[in-house]
Structures are given as C-alpha cells and as structure tokens.
Amino acid sequence: MSRFWSDIVHTLTPYVPGEQPALAHPIKLNTNENPYPPSPRVVEAVRRELGEDGATLRKYPDPTARALREAVAKHHGLRVEQVFAGNGSDEVLAHAFAALLKHEAPILFPDITYSFYPVYAQLYGVEYRAIALNADFAIDVDDYRAPNGGVLLPNPNAPTGRALPLSEIEVLLKQNPDVPVIIDEAYVDFGAESAVNLIDTYPNLLVVQTTSKARSLAGMRVGFAFGDAALIEGLTRVKDSFNSYPLDRLAQAAALASYEDQAWFEESCAKVVESRDRMTAQLRALGFDVVPSAANFVFAKHPAHDAATLAAALKAKEIFVRHFKLPRIDQHLRISIGTPAECDALVAALKELIG
Ligand SMILES: Cc1ncc(COP(=O)(O)O)c(C=O)c1O
C-alpha cells in the first residue's frame, strides 16, 4: 500500500498466474503449457530474425505485425483487416474490455471461467453478471438472454474443459445481435469447433485465439482476435493508445513460422489429445470424477480426498497442478496434459496418495 497509488489500484484484486517453480525438473501440469516444443521451423525463424550479431534488434518491430497477420488471415480464410495481433491473448482480451465491452448494461460471463475476466472488468470499470454453469459444469446458452452489454466465454471453457458445439455458439449470437459476443478459443485446437467461420455472418462476433497452447509458444506471448473489420479497428485504436509495438521481432517471426508447419501443429495436438483421453480413464479408475475435456487439461475431483491437500502433497513431490480456492470448484484440481511420462508420474503419485 502506498499513498502514491492511484485510487483504482487500492480496489484491484490482481490475477495470480500459476506458479513457475525454480526447480531443475518439476513436473509442471499447472499452467496448461504444451509439453512439446514448437516446430523446428519456429526455432530457425527466430535464429534468422536474430541474425549473426543481433543487429536487427536495434530497430523497432513492425507495429502492425502485418506479415504475421497476413499469414494468419490466410490460414483462417480471412482478410488481414479481420485480424488483430497482441501480446498474448490476455492483452487481446484486455483491449476487448476497453474497446468493446464497456457499455451501460453489464456483460455476461460464466461463474466458473477464466479468472482473468473479473480482473479486467475491475481494471476497466466494466460491470458484469456471472451466469451459473449448470450442475455438470455445462453452459446453457438460454441463460444468456438477459439484457447485457456483451457476452464473453471461452470455448472450451476453462478451467472445466467443457466445449459448446458451434450450433450453440450460433444460438448465442442470434440471441445477442446488438452486443459484442466474444469467444475465447485458447484451447479450441484440442477438440472444440472454432467459430471463425461465422465471422462473415455475424458482425458482432469476436474470436480470440493464442499461440500459447496448441502452438507451444507461451513464452513468446502472441495472441489474436478475429472479427469484423470494425471490431478489429476498435481494438487497434486501443492498442495504439497503449503500446504501438506489443509484438517484438522474435515473437512475430516465431508465430509466423508456426503457421507454416501445419503437420507439426496437428501432430502435437493429436499427442496431447491421446494423453488426455488416457489420463481421463486412469483418473476415473482411481475414483476421480473427471469433467469431459476438449482442452489440454482435465478438471477432476475425488469424492474422498480434499483437493487442496492433494495439490500440496503433489507439490511436495515436485508435481505442480492448479487448485482454485473458489466457490463450487474448491474440491477440483485442474491438471494440464504433459508428456506420457509426466502423465504417468502424476497418476502414479495420485495412486500412492489416495491408496
Ligand atoms: C481461457 C484462456 N484465455 C486466455 C488465456 C491467455 O493466454 P495467453 O495470454 O498466453 O495467450 C488463457 C491462459 O491460460 C486461458 O486459459
């Protein structure tokens, strides 16, 4: 606390990211990172951008990330004006709050969802109503009919991993034609249907994606928004009032190269999905209730074992999972999918802990 703080700083409850332990070989299943490295083409592109002596770094990067946006637009069958790039999808979401979600009526998002949403709402003074997921943690789009200033939800949802079919996203869009509907597709590549193809039909749809999960680039901080050119212009106006150069040279080169290696991307997603399905079965065999996941993590609870205690006991074995001390989910663990060896170590440790 400081008397030099702006008033708003006193009111903030900042987001707490998952722990990045300072250990030599932790089994890190707590922040939904990809267990596989990015494509070798990404590594080559970063080296190329850096050059022999790093002289390229003297110069600012392209403030518009034009080459990257063009490549990603082509990948999704969009025009470059329909693509926004930011420093991680967190930044893209933050700009969406400022550019698109601040209206008279409160925005709607699920009660159990990405815990950064209420943080941005507080920072930008956006009122919100949290809409309860149903008992099995599914989103019922009928619950999003109340007058609102916008709708925001991840598909698949986090931390539950549950996906909504595209037909339900379309119902949501039809129900809310006069407000922005933002679909956060951070985990879409692991088993949900993207809403990108609906963009030309619904001018109020903004789809947010990231290279952090399926493209193994969490350390590069590159996220996107796709939508009608007018929505993208709104985001760009906020970006250029905040930081003109959110993506550095290496990040732009790395992200672009990842879109040039579709085979690597597909193989990496397929391996994660296979491990997820195997881990789901193994956890169920240990007595866990596991929410059906379309993401690169599972959300599980054991009827006889306290989740916080399990998380602490796993941590003592240098296995990190995520536990949220929040209403309705304080008995759940969110476990990211690691390599087969990491998943096996997690299952073996849980077997030992729960007997
Ligand atoms: C639902 C969801 N959206 C967005 C993000 C942000 O990802 P990034 O800023 O790395 O793109 C995350 C990260 O965990 C997430 O879970």
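If you're wondering where the values come from, they're calculated on a predicted model, not measured in any experiment.

**Re the UniProt feature "modified residue: N6-(pyridoxal phosphate)lysine" (unreviewed entry) in the protein**
Part 1: Those residues carrying the UniProt feature "modified residue: N6-(pyridoxal phosphate)lysine" (unreviewed entry) are Lys213 in this numbering.
Part 2: Its relative accessible area of 14% is what places Lys213 among the buried residues.
Part 3: In this view, Lys213 contacts Thr31, Asn32, Asn34, Ala186, Tyr187, Phe190 and Asn296; residues no more than four positions away in its chain are not counted.
Part 4: Within the structure, the side chain of Lys213 is placed 3.4 Å from the backbone oxygen of Thr31, a separation counted as a polar contact.

**Re unusual backbone geometry**
Part 1: For the bond running from Asn155 to Pro156, omega is -5°, close enough to zero to count as cis.
Part 2: Along the chain, Pro156 falls in the loop between strand 5 (151–154) and helix 6 (166–175).
Part 3: Backbone torsion omega between Ala158 and Pro159 reads 5°, so that peptide bond is classified as cis.
Part 4: Along the polypeptide, Pro159 turns up in the loop between strand 5 and helix 6.

**Comments concerning the pairing of strand 5**
Part 1: The alternating pattern of strand 5 places Val151 and Leu153 and Leu152 and Pro154 on opposite faces, both of which are buried.
Part 2: Strand direction decides the pairing type here: strand 5 and strand 6 (residues 181–184), joined by 4 bridges, are parallel. For Pro154, the partnering residue across the bridge sits in strand 6 and is Asp184.
Part 3: Once you follow strand 5 into helix 6 and on to strand 6, the crossover reads as right-handed.

**Let's talk about the environment of Ser268**
Part 1: When you line up the elements, Ser268 lands in helix 9 (residues 262–285).
Part 2: Measuring from C-alpha to C-alpha, the distance between Ser268 and Asp289 comes to 26 Å, with 21 residues separating the pair along the chain.
Part 3: Polar side-chain contacts of Ser268 include one of 3.4 Å to the side chain of Asn34.

**Section: the site of the ligand**
Part 1: Near the ligand, the surroundings consist of 13 residues, among which Ser89, Asp184, Tyr187, Thr210 and Ser212 are the closest.
Part 2: With respect to the ligand, the side chain of Tyr187 contributes an N or O atom lying 2.7 Å from an oxygen atom.
Part 3: For the ligand, whose unbound accessible area comes to 400 Å², protein coverage reaches 93%.
Part 4: If you tally residues by element for the shell around the ligand, the top one is helix 4 (residues 88–100), at 4 residues.

**Quick word on the environment of Ile27**
Part 1: Looking at the element boundaries, Ile27 is found in strand 1 (residues 27–28).
Part 2: In this structure Ile27 comes out as buried when scored by relative accessible area, which is 17%.
Part 3: Linking Ile27 and Gly161, residues 134 residues apart in sequence, is a C-alpha distance of 21 Å.
Part 4: For Ile27, the residues in contact, after removing those within four places along its chain, are Glu318, Ile319, Phe320, Glu342 and Ala345.

**Details of the sheet that holds strand 9 (residues 289–290)**
Part 1: Spatial strand order, 9-10-12: 3 strands in an open sheet with antiparallel pairing. The open sheet terminates on both sides in strands that have one partner only, identified here as strand 9 and strand 12 (333–336).
Part 2: In this structure, strand 10 (residues 297–301) lies alongside strand 12, joined through 4 bridges in antiparallel fashion. What sits directly across from Val298, in strand 12, is Ile335.
Part 3: Across the sheet, helix 9 touches strand 9, strand 10 and strand 12, and the angle it forms with strand 10 is around 10°.

**A word on the pattern of salt bridges**
Part 1: Counted under the stated rule, the structure contains 13 salt bridges.
Part 2: In this structure, Asp277 engages Arg276 in a salt bridge whose closest nitrogen and oxygen atoms are separated by 3.2 Å.
Part 3: Using a relative accessible area of 43% as the deciding quantity, one classes Asp277 as partly exposed.
Part 4: In this structure, the salt-bridge partner of Arg278 is Asp344, at a minimum N-O distance of 3.1 Å. Note that Arg278 is positioned in helix 9 and Asp344 in helix 11 (residues 340–354), a separation of 66 residues in sequence.
Part 5: Under the relative-accessibility criterion, Arg278 is labelled partly exposed at 34%.

Conventions used here
- Residues numbered from 1 in each chain as written.
- Predicted model: local features only at pLDDT ≥ 70, side-chain atom pairs only at ≥ 80, totals over all residues.
- Heavy atoms only, no water.
- UniProt positions renumbered as here; feature names shortened; annotations may be inferred.
- Buried < 20%, exposed > 50% of the residue type's maximum accessible area, 1.4 Å probe, protein only.
- Contact = heavy atoms within 4.5 Å.
- Polar contact = N/O pair within 3.5 Å; in protein donor to acceptor, adjacent residues only side chain to side chain.
- Helix = DSSP H or I, 4+ residues; strand = E, 2+ residues; numbered from the N terminus.
- Pairing = 2+ DSSP bridges.
- Right-handed = clockwise from strand over helix to strand, strands pointing away.
- Near = heavy atom within 4 Å.
- Areas by Shrake-Rupley, 256 points an atom, 1.4 Å probe, with all protein chains shown as cover.
- Axes fitted to C-alpha atoms, helices over the stretch in contact; angles between N-to-C directions.
- Salt bridge = Lys/Arg side-chain N within 4 Å of Asp/Glu carboxyl O.

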